[in-house]
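# Tertiary structure, described
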Amino acid sequence: MRRYVWLLLCGALLAPPVLAAKPAEKTAEPDARKQELSTELNQFVRDAIDEGLLAPAGSGAARGAASAEASPAGEGSVDIPKAGGAVICGETYPLDFSEFEAAASYADILNYRSQLQVSGEASTDDPRLARAYIALDMGSEAVMNLRNPDSPDEVALREVALLLDGRTRPNVSYFQGFARCHERGEFWLGVALLVDGQSAGTAYVDKWFSEYRHLPLQLRTSVTALAVPALDRTDGRFLSQKMLASFSSNDLRDSTQLQFANAILALGQGSSEAEILIRTFLLQGRFQEEALLALIRHRRVIDPPLKALLLDSMLLKIEQSKHEEDIRASMKFVLDELSAGSRYMTMMEMAARENMQSDVVQGEIRDHFVSALQRDLTSADPLQNLAAIEALSVESGLLDNHDQRTALYEEATLKAVRLGFASLADELSRKTQPGEAVAEQRATLAYRLKDYPAVFQLAQANPSNPQIGLVAALSAIDANDAAQVQQFTGRLKLDADTVLMLIEHDAASRRWIVPASVYSTAREINDEARAVRVKRVLDLKRAASGEVSGPSPATMAGMGERLMSTRMALESLEGEGN
């Protein structure tokens, strides 16, 4: 750090006054040492501001806080036009940066700032300083310099500074109005559209390519770094080639931004060397997201350990961010990975964050959440089923008013029943009104678990469901509750199969509490096979009650056969009852 302090001091002494009204005739080139110092100073300041180690001039805060700060409304200030707002046209075109064509580094404006401070004039009183910051690709400095824009020209400069800063979504509506004021402004409208993901911007930038060529080197580099990844997303490869062709080989060698943009273009053309280079940018915060999205977009494989590292890094960034716009580029990758890994709890935590409450972000999280649930609930893997079931058991509000909410809860409840998780099934059913199919499955599970009160409760809640009513009647027999047996059998349609099931269960349990009306119906069954089964139960019932009819005389020789027949009948009944 001591080395950089000396660089700052040296840069202040060496900086030429380049912001004169008209640039002086070009002087001799500085010696190699001066040029090296200027380049190092410029790179240090840009990197330090980008990482939040230095704050923009006059901000008194880190860059992140400065860029997020809202413009205070006050006397003489102009509100920045929002989407759909009117744009006030200025008399002159405010985005002409030709007077700063010679500015190449931060050192070039230190002298001018010092003169303003010596004269007692605030740097914010001169919009030309903000224009110089923009020319040097110092969007954050320009934003702070234009916190209270009081003219159409300053509003235009602030919008361009915000566009270059990249922390908020481009104000496309403003640039549309600005282009109606100044035809040359169609170039910046094109850049804003591209950054916003709209391919229509390609035509505007191509139409005003001469405007692009006359931008100062640093500003042209910044615009290229913004536009090329966007053009890669919208298949604008030809325009990317034109933009990169406007730089010399030395420019490409000296600029990391241009090297990255060039690698993005080459990756789209199938270059394996470009892929290797882009992978090196994955660990650089400034390019990490675009590098990752480019690899994903061109279907390049990312190693799981690196993917996990990037996911953790972006989750931390989301956690620490104060505004949705700060992490909008990370959202798709993060949600794709969380969804693929069935990390429902993390998705729900994201949805609950204060900076994630916009309708757009909530919709994206909800769509990924639902998609993952549908995949896991239909999977043949019980662990994936369980992950979805547990997520829905604790979900609170994310799926409210979603058209798939009921279907998801019913499917999750059925899966919980089939996996034997009665408590989870109950928890899920309490959060929605499940259909009768779910209630039937829950009643069957409760019966298997001998949770008879739960069966009776389900039967009371579904009085017209015959399947639940039958399970409740069988549960009442097992519970030796004659009153409940009477109640639930009275609801049943006593067809032959239902009657046989009731009386055979009664015989197997040896309760003999099934109502007489059911046995009367059983005696009327005419089907030969069923009649045999009915007779067997009736014989057992009479034997149990002591009403044994006079048996026909039996010889000792036939006694063994009759005893064997009786034993087999009893075993058969017990087997059917179970």
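Residues numbered from 1 in each chain as written. Predicted model: local features only at pLDDT ≥ 70, side-chain atom pairs only at ≥ 80, totals over all residues. Heavy atoms only, no water.

Before going further, it helps to spend a moment on the side chain of T346. For T346, the position within the fold is in helix α20 (residues 344–352). If near-sequence neighbours (up to four positions away) are discounted, T346 is found in contact with L315 and L338. (Helix = DSSP H or I, 4+ residues; strand = E, 2+ residues; numbered from the N terminus. Contact = heavy atoms within 4.5 Å.)

Helix-helix packing is described using two parameters, namely the angle between the two axes and the distance between the axes. At their nearest, the axes of helix α27 (residues 466–478) and helix α29 (residues 496–509) sit 10 Å apart, and the two run at 15 degrees to each other. Here α29 runs roughly parallel to α27, going by the angle between their axes. Classified by chirality, the crossing of α29 by α27 is right-handed. Only T498, M501, L502, H505, D506 and S509 of α29 make contact with α27, whose side of the interface consists of L470, A473, L474, I477 and D478. Among the residues forming the contact of α27 with α29, the class breakdown is six nonpolar, three polar and two charged. (Axes fitted to C-alpha atoms, helices over the stretch in contact; angles between N-to-C directions. Parallel < 35°, antiparallel > 145°, perpendicular 65-115°, else oblique. Left-handed = near helix turned anticlockwise from the far one by under 90°. Nonpolar A, V, L, I, M, F, W, Y, C, P; charged D, E, K, R; others polar.)

This paragraph deals with the side chain of S339. Among the secondary structure elements, S339 is positioned in helix α19 (residues 331–340). Ignoring any residue separated from it by four or fewer positions in sequence, one finds S339 in contact with M347, H368, A372 and R375.

A few words on the packing of aromatic side chains. One pass over the full model with this rule turns up twelve aromatic pairs. With a centroid separation of 5.0 Å and an interplanar angle of 35 degrees, the aromatic rings of F209 and Y212 are classed as tilted. One end of the pair, F209, and the other, Y212, are both in helix α11 (residues 209–213), three residues apart, so they sit about a helical turn from each other. The residues F209 and Y212 share a single accessibility class, namely buried. (Phe/Tyr/Trp six-rings, centres within 6.5 Å; stacked < 30°, edge-to-face > 60°. Buried < 20%, exposed > 50% of the residue type's maximum accessible area, 1.4 Å probe, protein only.)

Here the focus is the nonpolar core. Membership of the largest hydrophobic core comes to 114 residues, with the highest contact counts inside it found for W188, V223 and M350. The contacts of V223, once residues within four sequence positions are left out, are L164, F187, W188, V191, Y212, L215 and M243. Core analysis: the next-biggest nonpolar cluster, separate from the first, contains 34 residues, V455, F456, I513 and L538 among them. (Core = buried A, V, L, I, M, F, W, Y, C linked by side-chain atoms within 4.5 Å.)

Another aspect to go through is helix α21 (residues 359–377). For α21, with 19 residues, the first-to-last C-alpha span of 26 Å sits near the 27 Å given by 1.5 Å per residue. Where the residues of α21 are buried, they touch α19, α20, α22 (382–394) and α23 (405–418). (Expected span 1.5 Å × (residues − 1).)

The values reported here are purely geometric and, on their own, carry no functional implication.
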